[in-house]
Amino acid sequence: MSRPRIALMLALVLLAAPARPAPAGEDDLPRLPFEAYELANGLQVVLHQDRRLPVACVNIWYRVGAKDELPGRTGFAHLFEHLMFMGTERVPQLSFDTLMEAEGGSNNASTSLDRTNYFESGPSHLLPTLLWLEAERMEAMGPSMTQEKLALQQNVVREERRQSYEIAPYGPAYLALYENLYPRGHPYRHSVIGTHEDIQAATVQDVKDFHRRFHAPNNASLVVAGDFDVAEVKGHIERLFGSLPRGEDPHRPLVPAVDLAQAKRVTVPDPNVELAQLLMAFHSPPYFANGDSDLDIVASVLTEGKTSRLYRRLVFQDKLATEVAAWQGSAQLGSLFNIQATATPGTSLEALEAAVWDEITRLQQDGPTPEELRRITNRIEMQKIAGLESLQERADLLNHYLYWLGRPDGLAQDLLRYRRATPDSVRTWCVLTLQRSRGLVVRTVPTPSLPEGSRDVRPGAAPRGRFEPPVAEAFRLPSGLEVWHVQRPGLPLVSLRLESSAGSMRDPAGKSGLSALANDMLDEGAGALDSLAYAQALEDLAAQLVPVAEREAAGLAMSVLKRNLAPALDLFAAALVRPTLADADLERVRALRLAALEQEEADPTELARRIAGAAWWGADHPYGRPGAGHRDELAALTAQDVRSFIRSHYRPSGCRLYTAGDIDRPALEALLAKAFAGWEDAPRVVVPAIPPAAGRGRGLRVLVHDMPDAPQTVLRVVFPAAGYASPDRLPLGAVNTLLGGSFTSRLNANLREAKGWTYGIGSGLALLAADGAWVASSSVRASVTVPAVKEVLGERSRMAAGDISAEEAKKASASLMQGMVDGSATLEGLLAELAEAGRKGRGPEALAQDVQAMQAGWDAAALNDVARRALAAQDVVVVLVGDRATILGQLEGAGLPAPVLVNARCEPLEAAAPAGR
């Protein structure tokens, strides 16, 4: 459970499968360098130095989670996580966030059943401040608590519960898990979010007692990672944390292992879903105990990838489910193995459950095949190694292993768990865990709607590091395909991203969803490999291939271990050179998309997005049509539509390939030339001009879509923005950071932190090639819908008046710069940034040009000038998805235009009458 963070919004013809890679030995396991020590007060410290980028992060774990809550105080650990951001005497409310964001840093936290962690990152010169802030709240947050702070976060957390569980599709099913799987008095009896009653009942004294009991140095571990001098950081840590007193070691009684004496079945009516769902749960071994990793493998055998047993049976063959997932939910006092399957329209949950047990029984009888086991362990290793690209992930892993294994150097031990698994060990744990007589089955069914010292002075900043963004090497293959490549030595990984202009804006009129459907078909078989054989070939290589579908571009992305690059490239290229595009696959993929669209019609957030797009751009505008399409238009698409679309848009001269990783250009170029040989070009697609947005020049409009008895209203406010080519593009991003693009933005500070009306609100810019839109969005308590709208409009008006301060301008410039640094830290993030620039007509040096502008920054006068011009237009679309009676009652006399009731396609239903039904 974490606070929301608000960010700028916004792929050789094969005749047979490639040869299998040679198995890796244990001596090739990666290690994370670190230094570990302990302060006299018991605080465990781990240092991980990496000076490649001018970035540093702090990661602290407290050994306290939802399992440590007192009776009648469920949800308290998570509530406490929120309160840890509410400030102290030295660092008043919101200052934790403003001090970080002023220099481009960011921070967040999460709570689980077993632990709470807090993490911050930013430019390396900010590291002394990050350490000071963590030491400050370790010492002073509890004593600084007030009733006002507590009441505010109680409101915020209760809104989070409503948004994440009560109105979220299938959310109630997860709340039902814990109370049905654990007896009264067990620490896991309740969910991390807790109940409304217990959250509201918390007192200031509860907060102070909880802080004193659990937030002492001897109950915490601190990891510092990134660009720093070791001796200097040790000095900061000793000075800031060393004088904090050791606390009493928390008493935790032994908890006996839990199991169900007999099977249990629960039915949960859910007004927020259109498709029934099955959720099965079984008690399983604790984290890192014998069997824990084997059950991770069981989950992958059942549901990871198209060739997994349940996906192949339920989704691919019998078409009983639209999606299926399984996972081992590892925890300290015992884990839960979960299986989730969403039924296709007209499929009974009885038939779905019978098919699930049929496949489980097969696995229990025969175990996984050696090929399955090898594919899965390769994939797990690939995922874990890829995670090491992120500095923040490395810091968290060091703390993770310290918590669970008692030492930070647990990565090799973790990976060896999977390498040492055997088909028999996996089969055995599947038999021991997945038993009909001892599991819980939760059936979700659609229903109609229901109602002092060294910390007194903040330390000075460390020297500021300089970020040098990569400039890609550009070259062209014999087939005509242009390639941009960035060589990045280090981890043995390579990522690719091929983009064409076949985004959803290229869907012909009346054929919405064609781009998305065509894009989904690219990984459904190639050459002589049908869909399942192609998926299995990828899985054999642990290659992660995903379609990329956006408004202005579409294509394929892939990440793979360097040792498997050559055969993976052959598969990647085959999807484009010779896609299979079989009729049976098309109908299966279309059916899944239609089922997903049906579910989206019950999702208030998705409805608000669709309605707002149609209202601002126009329902038939290339930018206004939903990327996933309309159900009737998607159902009417033909196989010829899909084949023609792919042939027209996926051609060498109409695509660009972005690559990055541990390989030099000559080696990569040789592999690519071979893989893409024979890719023939096609006639250039004639692209019509993009008309202006239909919402411009129409003033303020209010649209209401009825979701009876909804406890929250989803609001979406759209107003004009310039296109990507505008010279104001970067400073406009800085202005958005202040309005709603960061946690300390004006919108979030107002609606969440000051008023507690929402779990979070943000804004983002959609800077498209021809035009743009600025969007603010949130889910707010239904009773304050219209006041929330007026606050959003008010914040926009105040910023349009030119009131950005010097401090805000500095923060916005730093945040934008740090976003670029963070975005380019991983291969996938770097390629996404390069592709964004490339599809807008810029060159390989685009990132370097942007960084040069960001390093110079913008003062308050420059940002105020941009804000005045950008926010001057009075054209605004306000979309409200929620209970009609509640919304209309608040609109009476509110001084806003008369609302228009609309359906899911933004078609007017009638003039909105006064409240009441």
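In this text the structure is predicted, and so the values were computed from the model without any measurement.

About the criteria used
- Residues numbered from 1 in each chain as written.
- Predicted model: local features only at pLDDT ≥ 70, side-chain atom pairs only at ≥ 80, totals over all residues.
- Heavy atoms only, no water.
- Salt bridge = Lys/Arg side-chain N within 4 Å of Asp/Glu carboxyl O.
- Buried < 20%, exposed > 50% of the residue type's maximum accessible area, 1.4 Å probe, protein only.
- Phe/Tyr/Trp six-rings, centres within 6.5 Å; stacked < 30°, edge-to-face > 60°.
- Helix = DSSP H or I, 4+ residues; strand = E, 2+ residues; numbered from the N terminus.
- Lys NZ or Arg CZ within 6 Å of the ring centre and 35° of its normal.
- Arc of directions from axis to C-beta.
- Contact = heavy atoms within 4.5 Å.
- Pairing = 2+ DSSP bridges.
- Axes fitted to C-alpha atoms, helices over the stretch in contact; angles between N-to-C directions.
- Parallel < 35°, antiparallel > 145°, perpendicular 65-115°, else oblique.
- Left-handed = near helix turned anticlockwise from the far one by under 90°.
- Nonpolar A, V, L, I, M, F, W, Y, C, P; charged D, E, K, R; others polar.
- Expected span 1.5 Å × (residues − 1).

Would you explain the pattern of salt bridges in this entry?
Proximity of charged atoms lets side chains of opposite charge pair with each other. Counted under the stated rule, the structure contains 73 salt bridges. The shortest N-O distance in the salt bridge between Glu539 and Arg379 comes to 3.5 Å. Taken individually, Glu539 and Arg379 each receive the classification buried, so the pair is uniform in this respect. A salt bridge links Lys840 to Glu836, with the shortest nitrogen-to-oxygen separation between them at 3.1 Å. We classify Glu836 as partly exposed; its relative accessible area is 27%.

Whenever I open this one, the packing of aromatic side chains confuses me. Can you help?
The description of an aromatic ring pair rests on the distance of the ring centres and on the angle between the ring planes. In total, this model carries 18 aromatic pairs according to the counting rule given. The interplanar angle of 65° and the centroid separation of 4.9 Å between the aromatic rings of Phe76 and Phe210 together place this pair among those described as edge-to-face. Note that Phe76 is positioned in helix α1 (residues 76–83) and Phe210 in helix α7 (residues 204–214), a separation of 134 residues in sequence. Since its relative accessible area comes to 4%, Phe76 is described here as buried. An aromatic cluster of at least three residues, connected via ring pairs, comprises Trp61, Tyr287, Phe288, Tyr401, Tyr403 and Trp404. Its guanidinium or amino end placed over the ring of Trp61, Arg115 lies 4.8 Å from that ring's centre, counting from NZ or CZ. Lys755 extends its terminal NZ or CZ atom over the ring of Trp757, reaching a point 5.6 Å from the ring centre.

Just to check I follow, could you spell out helix α30 (residues 860–870) for this structure?
Owing to its 3.6 residues per turn, the α-helix brings residues three or four apart onto one side. Here α30 has its buried residues at Ala860, Leu863, Asn864, Val866, Ala867 and Ala870. Taken end-on, α30 shows its buried residues confined to a sector of 160°, consistent with a single buried face. Looking at the buried side of α30, the elements it contacts are β19 (712–721), α24 (729–739), β21 (772–781), α26 (785–800) and α27 (806–823).

Please clarify how the sheet that holds strand β2 (residues 44–49) should be interpreted in this entry.
One key point about sheets: their strands pair by backbone hydrogen bonds, in either a parallel or an antiparallel sense. Here we have 6 strands laid out as an open sheet, ordered β1-β2-β6-β3-β5-β4, and mixed in their pairing. In the strand order of this sheet, the two ends are held by β1 (35–38) and β4 (106–111), each with one partner. With strand direction ignored, the average angle separating the axes of adjacent strands in the sheet is 15°. Alignment of β2 against strand β6 (residues 220–226), held across 6 bridges, turns out to be parallel.

Before we go on, may I ask you to explain the environment of Trp616 in this structure?
Tracing the backbone shows Trp616 in helix α20 (residues 604–617). Look at Trp616 and you get buried, because its relative accessible area is 1%. Along the primary structure Trp616 and Val821 are separated by 205 residues, whereas in three dimensions their C-alpha atoms are 33 Å apart. In this structure, Trp616 is in contact with Ala693, Ala694, Gly695, Arg696, Val718, Phe719, Pro720, Gly772, Ala773, Asp875 and Val877, ignoring residues within four places of it in sequence.

How do you make sense of the packing of α1 against helix α4 (residues 147–166) when you look at a structure like this?
The relative placement of two packed helices comes down to the angle between their axes together with the axis-to-axis distance. Contact geometry of α1 with α4 gives a least axis separation of 9 Å together with a crossing angle of 120°. As summarised for this structure, α1 and α4 are arranged oblique, according to the angle between their axes. Crossing handedness for the pair α1 and α4: right-handed. Contact residues: His78, Leu79, His82 and Leu83 in α1; Lys149, Leu150, Gln153, Gln154, Val156, Val157 and Glu160 in α4. Taken together, the residues of the contact of α1 with α4 break down into 5 nonpolar, 4 polar and 2 charged.

I keep staring at the sheet that holds strand β15 (residues 544–549) and nothing clicks. Help me out?
Read across the sheet, 6 strands follow the order β12-β13-β17-β14-β16-β15 without closing on themselves; strand pairing throughout is mixed. Strands at the two margins of the open sheet, each flanked by one partner only, are β12 (473–476) and β15. Geometrically, the sheet is characterised by an average inter-axis angle of 20° between neighbouring strands, direction not taken into account. The pairing of strand β14 (residues 493–500) with strand β16 (residues 554–561) spans 8 bridges and is antiparallel. Following the sheet pairing, Leu498 is matched in β16 by Leu556. Sheet strands in contact with helix α18 (residues 565–577) are β14, β15, β16 and β17 (655–661), and its direction is about 165° off that of β16. Strand contacts of helix α23 (residues 665–675): β12, β13 (482–487), β14 and β17, with the helix running at about 30° to β12, the strand carrying the most contacts.

Help me out: how do you make sense of α18 in this one?
The end-to-end C-alpha distance of α18, which contains 13 residues, comes to 18 Å, matching closely the 18 Å that a straight helix rising 1.5 Å per residue would cover. Among the residues of α18, those classed as buried are Leu565, Pro567, Ala568, Leu569, Asp570, Leu571, Phe572, Ala573, Ala574, Ala575, Leu576 and Val577. Each element contacted by the buried residues of α18 is listed here: β14, α17 (531–540), β15, β16, β17 and α23.

Help me out: how do you make sense of the pairing of strand β20 (residues 758–767) in this one?
One face of the sheet, then the other: side chains in a regular strand alternate in exactly this way. Burial analysis of β20 places 10 of its 10 residues in the buried class, the great majority of the element. Pairing of β20 with β21, which is carried by 8 bridges, proceeds in the antiparallel orientation. Counted as the bridge partner of Ile761 is Ser778 from β21. What sits between the antiparallel neighbours β20 and β21 is a turn of 4 residues.

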